[in-house]
Structure formats: C-alpha cells, structure tokens
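Listed below, chain by chain, are the residues.
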Amino acid sequence: MADENEEQQEQQADGGAKKKKLLLFGGLGAGVIIIIAVVVWLFTGDGDTTATATDSSNVVEADTSEAPQVGNALYVGMPRPFVFIVPGDARERTVQIKVQLMVRGEDNEELTKRHIPLIEGTLHQVFSSSTAEELKTVEGKEKLRELALREVQSALEKVAGKGLVEQVLFTSMVMQ
C-alpha cells in the first residue's frame, strides 16, 4: 500500500512538471510569434508610400555630374511592386522589386507623383530587360539601378522639362 501511494505521488509530481514544461514552451512559442509579427509589421510599414526627411542635416548629396540640387530629400514610393519574369540559366525566374524615388523639394515631389504612370512604364521596361544572372550579383543590381535612374530621368525630361528624380532606390528585391 505504501508503494502504491509513492507511485501516485511520483505520477502527480511528473504530471505537474509536464504541465510546467508545457506552459513554459507555450509561453515561449507565443513570445516568438509576437516578435515575428512585430518584425514583419516594422518591415512592411504602415502603408504610407511617401516619407520626408525634415532635418536638413540628414540630407545626403548624390554624386552626380550636375550641380547638386537644393532642398529636402523627399521620397516618392511607387504604389505597387514591380513583378516581372527574367530568363535564367536553367529556367525563367520571377522577380519582385519595390522602388522609392528620391527627389529634392516639394515641387519636384508633386511633379513626380503626377507622372507615376510614365515612371512605372519606364521602370517595368528597364527591369524586364535584365537577366537572372545580372540580378544575382551586387554589381548587376547596381547597374540596373543606374540604368533605371537614367531612363526615368530621360522620360521625365521629355514631359516635364527636367529629370526630377535624383535616385532610384530598391527597397526590396525578391527573385524566385
């Protein structure tokens, strides 16, 4: 009889330890899920596609052949990511690029926003002319970004009389 009581006490102790472990792992799992949700929220933002650098000390001058433009750096986000297919070695790849345009001054920002359809068409044409091999390297991505800037500036020069865009920034690039 004493042996049975000892066995019951051991089983109850084991059950309590198991419950504590289950609660601990459940709490850790919930914590990890919350952390992942916060990180995803921070990286995706709140949906605002225009950011403004209000502190003039944070303005970075671009290295261009023209005289530097004056004004605060403003960022105009493209309303949707660019999705296109590029040829690869073994098979075609699908690429998604999110783009922001850096402009100087509120007038240039408004003009750029007015010409977003032209900019989207130009960027899509430039992006879809690339290959998977080019997009795998840092140098290839930089060349694509520079080509995109030149083409966007050229297209805007024709309709607005000036290039407007100082930089084309890739804020996200995924290739599958």
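In the block above lies the structure referred to throughout.
Just so we're clear, the structure is a prediction, and the values are computed from it rather than from any experiment. Residue positions are given per chain, counting from 1 as you read along its sequence in written order. Per-residue local features of the predicted model are confined to residues with pLDDT of at least 70, and side-chain atom pairs are confined, for both listing and counting, to 80 or more; whole-chain, interface and lining totals are unaffected and use all residues. No hydrogens and no water enter the side-chain calculation; it runs on all heavy atoms of the structure.

**Q** Explain the packing of helix H2 (residues 106-114) against helix H3 (residues 116-128) here, please?
**A** In helix packing, the relevant descriptors are the interaxial angle and the interaxial distance, both defined with respect to the helix axes. Packing of H2 against H3 leaves a shortest axis separation of 5 Å and a crossing angle of 70 degrees. As far as their axial angle goes, H3 and H2 are roughly perpendicular. Between H2 and H3, the residues in contact are Thr112, Lys113 and Arg114 and Ile116, Pro117 and Ile119, respectively. Each residue receives one of three labels: charged for Asp, Glu, Lys and Arg, nonpolar for Ala, Val, Leu, Ile, Met, Phe, Trp, Tyr, Cys and Pro, and polar for the others, Gly being one of them. When grouped by side-chain class, the residues that make up the contact of H2 with H3 number 3 nonpolar, 1 polar and 2 charged. In this analysis, axes come from line fits to C-alpha atoms, helices being fitted only over the stretch in contact, and the angle between any two N-to-C directions falls in the range 0 to 180 degrees. Numbering of helices and strands runs from the N terminus; a helix is a DSSP stretch of H or I covering at least four residues, while a strand is a stretch of E covering at least two. Working rule for angles: under 35 degrees goes down as roughly parallel, over 145 as roughly antiparallel, 65 to 115 as roughly perpendicular, anything else as oblique. Contacts are assigned to residue pairs that have any heavy atoms within 4.5 Å of one another.

**Q** Could you clarify how one ought to interpret the nonpolar core in this entry?
**A** Note on soluble globular proteins: their nonpolar side chains tend to be buried together. Take the buried Ala, Val, Leu, Ile, Met, Phe, Trp, Tyr and Cys residues and link them wherever side-chain atoms come within 4.5 Å; each set so joined is a nonpolar core. Relative accessible area decides the class of each residue, using a 1.4 Å probe on protein chains only: under 20% of the type maximum gives buried, over 50% gives exposed, and in between gives partly exposed. With 26 residues, the main nonpolar core has Met78, Phe84, Val99, Leu123, Phe127 and Val165 as its most contacted residues. When residues of this core are traced back to their parent elements, those giving at least two are strand S2 (73-77), strand S3 (82-86), strand S4 (93-104), H3, helix H4 (132-136), helix H5 (138-160) and strand S5 (165-175). Residues contacting leucine 123, with those up to four places away along its chain left out, are Met78, Phe82, Val99, Ala148 and Val152.

**Q** When you look at unusual backbone geometry in this model, what are you seeing that I'm missing?
**A** A negative phi angle characterises most non-glycine residues, just as the trans form characterises most peptide bonds. The phi torsion at leucine 164 lies on the positive side, around 65 degrees, for a residue other than glycine. Note on placement: leucine 164 falls in the loop between H5 and S5.

**Q** What is the right way to look at the environment of glutamate 110 in this model?
**A** Locating glutamate 110 in the fold gives a position in helix H2. Relative accessible area serves as the criterion here: at 44%, glutamate 110 is assigned to the partly exposed category. Here the alpha-carbon distance between glutamate 110 and leucine 164, two residues 54 residues apart in the chain, equals 9.9 Å.

That is the geometry; function is a separate question.
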